[in-house]
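Chain by chain, the residues:
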2 protein chains.
Amino acid sequence: MNTPELSFFLPYFYLAWSDDILTKKEFETLSTFVSSRSWLTKNEKEFLLTKIDLASPPSRSELSEWKTIIGKELYASEDIRTVFDLIVGLSKKDEKIASYKSQFEELENDLGILSEEVINSFKEHPKTITSEYGTVTEFDVAQLTLILDGDQAPIINKVKEVISRPEFAYETSTDIFIYREKVLEWCKILADENLGNMAYPKKYGGGENIADYFAIMETLSYHDLSLVIKFGVQFGLWGMSIQSLGTEKHYAKYLKDVGTLALPGCFAMTETHHGSNVKGIETTATYNHADKTFTIHTPHENAQKEYIGNAANHGKMATVFAKLIIDGHDYGVNAFIVPLRDEKMNVLEGITIKDCGLKMGLNGVDNGIIRFHNVVIPKENMLDRFAQINEEGAFESTIPSDNKRFFTMLGTLVGGRIGIPRSALAAAKSGLTIAIKYGDKRRQFGPEGGSEVPILNYRIHQRRLLPHLAKAYALHFGLQYLTQRFIDKTEAEMQEIEALAAGMKAYTTWTTRDTLQECREACGGKGYMSENRIDALKNDTEIYTTFEGDNTVLMQLVAKNRLSEFRKEFGEMNALGVINYVYDQAKTVISQKNPFATRNTDEAHLLDKDFHLNAFQYREKQILNSAARRLKKLIDGGLDSYDAFNVVQHQMIEVAQAYLERVVLEQFYIQIEGVEDANCKAALTELCQLYALSQIEKNKGWYLEDGYMEGVKTKAIRKMVNQLCWEVRPNAVDLVNAFVIPESCLAAPIVVE
Amino acid sequence: MNTPELSFFLPYFYLAWSDDILTKKEFETLSTFVSSRSWLTKNEKEFLLTKIDLASPPSRSELSEWKTIIGKELYASEDIRTVFDLIVGLSKKDEKIASYKSQFEELENDLGILSEEVINSFKEHPKTITSEYGTVTEFDVAQLTLILDGDQAPIINKVKEVISRPEFAYETSTDIFIYREKVLEWCKILADENLGNMAYPKKYGGGENIADYFAIMETLSYHDLSLVIKFGVQFGLWGMSIQSLGTEKHYAKYLKDVGTLALPGCFAMTETHHGSNVKGIETTATYNHADKTFTIHTPHENAQKEYIGNAANHGKMATVFAKLIIDGHDYGVNAFIVPLRDEKMNVLEGITIKDCGLKMGLNGVDNGIIRFHNVVIPKENMLDRFAQINEEGAFESTIPSDNKRFFTMLGTLVGGRIGIPRSALAAAKSGLTIAIKYGDKRRQFGPEGGSEVPILNYRIHQRRLLPHLAKAYALHFGLQYLTQRFIDKTEAEMQEIEALAAGMKAYTTWTTRDTLQECREACGGKGYMSENRIDALKNDTEIYTTFEGDNTVLMQLVAKNRLSEFRKEFGEMNALGVINYVYDQAKTVISQKNPFATRNTDEAHLLDKDFHLNAFQYREKQILNSAARRLKKLIDGGLDSYDAFNVVQHQMIEVAQAYLERVVLEQFYIQIEGVEDANCKAALTELCQLYALSQIEKNKGWYLEDGYMEGVKTKAIRKMVNQLCWEVRPNAVDLVNAFVIPESCLAAPIVVE
């Protein structure tokens, strides 16, 4: 091909033979084109056609020679952007060439090739922006760990030491009975290390340190989650029910043995027909004044205590919730300690216990179904902190309403709604650690001629994982805030804190569900192998969205609490006043809704803390206003309030979500404020920005509907989220390393081998 | 309380003692209020204060008397809307009353009670709209089943009959080896019923009916999914690889035994380091012309064949994909039949097989890892439909490019991308059947004084499940369309159909993932018990989003295909032409973007088929345009095309999604068009509207950003989605009954006992 005319065709011929851009049909297009060029001689045509004869392909060495010629030309001139530019070069800038331009452009269209793309595919580009990217150290990981652990660092490190011991090697048997025994053994070791009784009074051998107790629950969650739940059932639910609902006599009698695991027990509240609506449970505790006993009874199959942890195999006693009946009067739900098994672990008379059998996860926990047939217990077994039966056999309580008393009792158990989300978040951190480290190592695809690229360099992979990483950090600080509020609580704050805990439980466990789902998919087939542990993390935490309160029900509860807070704010206003208030509120944000603000796409503005906080606060307030107005309108319109609340259920979830997201963002920013190490601060700030903007992006439909932002701004936010993902990516491995999850706990061969 | 003044307080006192609206602190508010009323006498005050003394609560009979008084008053006058109205009534319309109104309103504010709500809580309202709702028969279920099953009804019924037999009782052992043997046994029964070889040529004992084959895969998916995958590996992947890549000699030698399961085999393509980028596999098949053999070799650990179904226990042979090497030249990936085990099931020399061990799901399938150490096979074992080695030992192929040849080979295997989404959808249908029937039965909470309400009557529960039901129906018709396109395919359509199959595989399996997640949560704790089968459905289908092509990678592929289709449409245009075209396109839709259309909230418009189709088509076109322009801009700006495609990955997913959703909606409407039964047609139309509007709602951020809709319209759509959910609810049980999933397959005690 040493004449200019022939060199015109080189790029097309190379394309035809070497790669998958041209199809067989397009070979024919090419032949037709060659045959019909008036400016080619017969000989030239014949020669050219031999080069695109499917029956005699060029040899590999010839192909490689063509490639060299093209490559040299491209190397010689950086200006070549189209195939035609290339032809000009190859033809040594032949003069006739300009007149052929349109012919070749037509050919390219017929072949369906995009000129610029083809030129790119010719270039040797083993080095691209995508392939040159990777992990870079930008901050001191140990510093960040200190920030995360805070005052609980000593207990966290102790727990990590314990669960890294050889006896904590994971159980691999699929036999659930073997697994359950292993989990019980682990619990005993933890009890021996004085970790189980951490929250109990010192007087009864405890550590009297609820902050440490939560840190233990959280850190254990880097290990097996059946262990965490068994631990929580024994020392949390069972032990704390005695501590919170009982009195001195019960503490003295039971707490020490509970803390050492000498007395394994259960928390028997949920019944087959009453889970979320636990106020409706039907088990009865009938008081018999003659012999000062209670008779505990299950009236029918659907009133059996169900899903009860520690019941199927190990529990010796249970805190049983039942309706107290005195002289035929129902005094509402109260709690009673009921022995289940004797010292030899035989189930006691009148009691039937069935095994819940195989579950989706948490198979190391022995959940069971308990039925009572007129089981008699002594009077002192009533947990009588909030209600008592006096010497005359009459009911007494400082809380007049049965309902209110029951919810007060439940309120004392709110700690579970702190332990569970903290455990869930730890599981999400494990998943993120596995998926991010794998994404940093695993290579797949790459630029033509270059080596394959770590999949975490792909934008879509970053998009799938890094906003979840940012959210995990955000929730970390949000849950620390919740814990602190709980520890410092006053009576007046209780309702707010209970709602916050309920909300954070729901918000965190749903986040964990979504995070682990992405982690599983991000690890592909490897993520499906049980040895890589996403299986267990995902399936064990699956029920976190249901137990300790179904998330959807909890979110309704949070929203109702927000509505009543809102109502308080309104104070003395009547309906018209409320509406005026709402409009006034709207006026105060009008400044944020001027065209400049709603269309502002400055990078500095988009990354600005005040913009983020305002957007979250605005959303929270508006959604709450709108739900309140809608409810009022429905009720004013004559709808039964029960029906009205049903109509707005979907909106109520948003009320709760907006509230929780605002709290989490605020706390994240407040925590960052206090960080001294500049590099850690920068890394955390970037994460916080990513959290804020990816939430805004997720809610962009709402912001646009409301008019708080215009399309140009939400589009800019999408780009900024992409950009932040790209910028966080070099830090990603260090950000998960800062969790310092013990390697033996992480265990996944895809990252620790 | 027989004086008017005293009766004023009755409602508050009743509230204070009987329910949980007032707190202890508010008791004090009430006392203070009473004490400071100038219009009460000292005696009256004292009397009143005895009624709100926490130390001496009223007796239950007194409370009940108060309630009767209030109830009578409310019964007597329907006009009572506020507590003050009630007071007026109770006071027998006392004259002084008007002057006290503001005092009582202030009290209510201090107590934080909402007057209308309190009145509602006093009313006896066991019957509310929410509680009176339920399942109603609106169409003939059997008719709908006929519509769904179509021509495949006979084979579907046959498969249902087979899998309902006692020998198909689910395996409950957690021992994976026992489970695998059971699955193999089931496969043998299916083979004996001539279900496995349904797609093979009649000449080799087959049914030559690919449509029936897909219906079998789908219907089997109502049973154990390990069975489906084992079945698919044996008869689909292993058998079809011979049928699609081999020639007559291979058919004659193997197909019959494959079809009877006398010859269990594997499909060995994926390697540890190459899954998605399967073109990069490193196993070699070196041709030795001297003895006309190939040597199959695994060069290093990461080139092992991984996740290979049927490998760990049962496979006797495998189709192995390897790079063909002749005289040191690499001729790209080809396929070879390689024996793995002898008749006694001993692994052959040179081959090492490891067990993949426990997986998140599909534990009835024996996945393994295969390593070859210079394993010699005869020349005829090359599956030589697309490439051959001639008598001289030279490579021959009608497809010149190695790349193109490989993708042609893969193209023939596209059937897997039809079988998998159809299987996934069947699993989603099982989940929906369980969750919807449970939601119809399970009662929790209810109006004050009324009985508890089926949870499917709750709006949020409907919201969680019914759009998924609508989508399942939409996908049913979408997958029937895909299947038909595949069966009727011509050469020219292959690329489009391959992309459609890849897209439908991704879209359906992600939908199944989301649907089953909601189903699990909707069944609460019961959904977590393995016996109720959502566990297996969820965990077995979890890998569907990864195998047969990672969904994210597939969606990129679909988007690239859409871009090239788009490019074809552009034909001869240059860059300016393209931009003009885009603006022209925009102009044609300007009519839809006039203020009337973007704000139109008429019910008839929102439910209109044309509105739905236009909205979906518009979105598809705009997103594609925008991605193409962005790509072009990036490449024109000097970015390497590899980097440019990375930047737009997130947008590419949307390109694919919008395309698939448009196809699915169109097909749903087309299918409805043909339905004759008016009741079925009405039910399907409602579902289709729900599918259309809930997708638009999900994408409302995009529509608002684009300006195709304004906030007032997206808000109206949200309401309409709620409304449609409410209207579909009475049909929901019948709509899942129409799937006619055998009870023994559904198995879940929460719905079949």
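Numbers given to residues run from 1 along each chain, matching the order in which its sequence is written. Written order determines the labels here, with chains lettered from A and ligands numbered from 1. Only residues with pLDDT of at least 70 get local features here, since the model is predicted, and only at 80 or more are side-chain atom pairs given and counted; chain-wide, interface and lining totals rely on the full set of residues. Water and hydrogen atoms were dropped before computing side-chain values, which therefore reflect all heavy atoms in the structure.

Q: Teacher, can you tell me more about the overall build of chain A here?
A: Along chain A, the regular secondary structure elements total 33 helices and 11 strands. C-alpha atoms of chain A, sized along the principal axes, occupy 120 × 65 × 50 Å. For chain A, the proportion of its 753 residues judged to be buried stands at 61%. By definition, residues are in contact when any of their heavy atoms lie within 4.5 Å. In chain A, once contacts between residues fewer than 6 apart in sequence are set aside, the share between residues at least 24 apart is 74%. Note on areas: Shrake-Rupley, 1.4 Å probe, and residue coverage restricted to the protein chains presented here. About 28500 Å² of surface is accessible on chain A, with carbon and sulfur atoms providing 51% of the total. Elements are defined by DSSP. Helices are runs of H or I of four residues or more, strands are runs of E of two residues or more, and each kind is numbered from the N terminus. The buried label goes to any residue with under 20% of its type's maximum accessible area, the exposed label to any with over 50%, and the partly exposed label to all in between, with areas taken from a 1.4 Å probe on protein chains only.

Q: Looking at this structure, how should I read the pattern of salt bridges?
A: Should their charged atoms come close, side chains of opposite charge can pair. The salt bridge definition used is simple: a Lys or Arg side-chain nitrogen within 4 Å of an Asp or Glu carboxyl oxygen. Summed over the entire model, instances satisfying the criterion amount to 66 salt bridges over all chains. We note a salt bridge from A:Arg464 to A:Glu521, for which the minimum N-O separation is 2.7 Å. Of the two residues, A:Arg464 is situated in helix 17 (residues 459-487) and A:Glu521 in helix 18 (residues 494-522); the sequence distance between them amounts to 57 residues. In terms of burial, A:Arg464 and A:Glu521 fall into one category: buried. A salt bridge links B:Lys316 to B:Glu343; its shortest N-O distance comes to 3.7 Å. On the criterion of sequence distance, the pair formed by B:Lys316 in the loop between strand 4 (305-308) and strand 5 (317-326) and B:Glu343 in the loop between strand 6 (329-339) and strand 7 (351-355) is long-range, its members being 27 residues apart. Bridged by salt links that share partners, the residues A:Arg464, A:Glu518, A:Glu521, B:Arg513 and B:Asp514 form one connected network.

Q: Can you help me understand the relation of the copies chain B and chain A in this one?
A: Look at the two chain copies: a rotation about an axis and a shift along it is all it takes to match them. The two copies are related by a screw motion: chain B maps onto chain A through a turn of 180 degrees and a shift of 0.0 Å along the axis, at an RMSD of 0.1 Å. Classification of the inter-copy transformation places it as that of a two-fold axis. Every residue of chain B has its C-alpha some distance from the rotation axis, and the shortest such distance is that of B:Gly701, at 1.9 Å. The copies are overlaid by a least-squares fit using only the C-alpha atoms of residues whose pLDDT is at least 70 in both copies.

Q: How should I be thinking about the sheet that holds strand 8 (residues 368-372) of chain A in this particular structure?
A: Backbone hydrogen bonds hold the strands of a sheet together, and the pairing may be parallel or antiparallel. All names here are of chain A. By this definition, two strands are paired if DSSP reports at least two bridges between them. Reading across the sheet, the 3 strands line up as 4-8-7 and stay open at both edges, with antiparallel pairing between neighbours. The sheet is open, and its two borders are formed by strand 4 (305-308) and strand 7 (351-355), each paired with just one other strand. When strand polarity is set aside, the average angle formed by the axes of neighbouring strands in this sheet is 20 degrees. For strand 4 and strand 8, the ladder comprises 2 bridges, and the chain directions are antiparallel. Bridging across to strand 8, Ile-308 finds its partner in Gly-368. In this analysis an axis means a line fitted to C-alpha atoms, helices contributing only their contacting stretch, and an angle means the value between N-to-C directions, from 0 to 180 degrees.

Q: In this structure, what is going on with the interface of chain B and chain A? I would like to understand it.
A: Many descriptions give the size of an interface as the accessible area lost when the pieces come together. Chain B puts 117 residues into the contact, and the matching count from chain A is 119 residues. For the pair chain B and chain A, the summed buried area comes to about 10200 Å², and 50% of that belongs to carbon and sulfur atoms. Two parts lose some accessible area (1.4 Å probe) when they are put together, and adding that loss for both gives the buried area. Among the residues of chain B in contact with chain A, B:Tyr528, B:Tyr642 and B:Glu705 are the three that bury the most area, contributing 9% of the side total. Between chain B and chain A we count 10 salt bridges in total. For B:Lys526, the salt bridge is made with A:Glu306, and the minimal N-O distance between the two is 2.7 Å. Any pair of N or O atoms that falls within 3.5 Å is considered a polar contact. Within protein, one atom must be able to donate a hydrogen and the other to accept it, and sequence-neighbouring residues count only if both atoms are side-chain atoms. Our count for the chain B to chain A interface comes out at 70 residue pairs in polar contact (both at pLDDT 80 or more).

Q: Before we go on, may I ask you to explain the sheet that holds strand 4 of chain B in this structure?
A: Residues and elements named next belong to chain B. As summarised here, the arrangement of the 3 strands in space is 4-8-7, forming an open sheet in which the pairing is antiparallel. Of all strands in the sheet, those with a lone pairing partner are strand 4 and strand 7, marking the two edges. With strand direction ignored, the average angle separating the axes of adjacent strands in the sheet is 20 degrees.

Q: Explanation requested: the nonpolar core in the structure shown.
A: Soluble globular proteins tend to pack their nonpolar side chains together in the buried interior. Formed by 178 residues in total, the largest nonpolar core has its most connected members in A:Phe321, A:Ile436 and A:Tyr473. For this core, the element with the highest residue contribution is helix 27 (residues 649-673) of chain A, accounting for 13 residues. Sequence-distant contacts of A:Tyr473, that is, excluding residues within four places in its chain, are made with A:Leu144, A:Leu148, A:Phe668, A:Leu684, A:Leu687, A:Leu735, A:Ala738 and A:Phe739. Counting residues in hydrophobic clusters, the runner-up holds 177 residues, among them B:Phe214, B:Leu500, B:Met720 and B:Ala748. Among the buried residues, those of types Ala, Val, Leu, Ile, Met, Phe, Trp, Tyr and Cys that are joined through side-chain atoms within 4.5 Å form a nonpolar core.

Q: Explanation requested: helix 28 (residues 678-698) of chain A in the structure shown.
A: An α-helix turns once per 3.6 residues; consequently, residues spaced three or four apart project the same way. All names here are of chain A. One fewer than the residue count of a helix, multiplied by 1.5 Å, yields its expected span. Given a rise of 1.5 Å per residue, 21 residues ought to cover 30 Å, and the 30 Å separating the end C-alpha atoms of helix 28 matches this to within 8%. Taking burial as the measure, the 21 residues of helix 28 include 15 buried ones, the bulk of the element. Two or three places before Asn-679, at the opening of helix 28, Asp-677 has a side-chain oxygen 3.0 Å from that residue's backbone nitrogen.

Q: How should the packing of helix 12 (residues 210-220) of chain B against helix 17 (residues 459-487) of chain B be read in this particular structure?
A: All names here are of chain B. Contact geometry of helix 12 with helix 17 gives a least axis separation of 10 Å together with a crossing angle of 150 degrees. Judged by the angle between their axes, helix 12 and helix 17 are roughly antiparallel. Crossing hand, helix 12 versus helix 17: right-handed. Residues Ile-210, Ala-211, Phe-214 and Glu-218 of helix 12 pack against His-476, Thr-483, Phe-486 and Ile-487 of helix 17. For classification purposes, an angle smaller than 35 degrees is called roughly parallel, one larger than 145 roughly antiparallel, one from 65 to 115 roughly perpendicular, and anything else oblique. Put simply, a crossing is left-handed when the front helix is turned counterclockwise from the back one by less than a right angle, and right-handed when it is turned clockwise.

Q: Please explain empty space enclosed by the protein as it appears in this structure.
A: Over the atoms rolls a probe the size of a water molecule, and its path tells where empty space is left. All names here are of chain A. A cavity here means a set of 1 Å grid points, computed over protein atoms only, where a 1.4 Å probe fits but cannot escape. A pocket is an open set with protein on both sides within 12 Å along at least 5 of 7 lines, and lining residues have an atom within 4 Å of a point. Grid points are joined across faces, edges and corners, and a volume is the space filled by probe spheres set on the points. Counted by the stated rule, this structure contains 9 cavities of 30 Å³ or more. In this structure, the second largest cavity encloses a volume near 80 Å³. Surrounding the second largest cavity, Thr-145, Leu-148, Asp-149, Ile-156, Lys-160, Glu-218, Thr-219, Tyr-222, Lys-429, His-476, Ala-738 and Phe-739 form its lining. The element best represented in the lining of the second largest cavity is helix 9 (residues 141-149), accounting for 3 residues.

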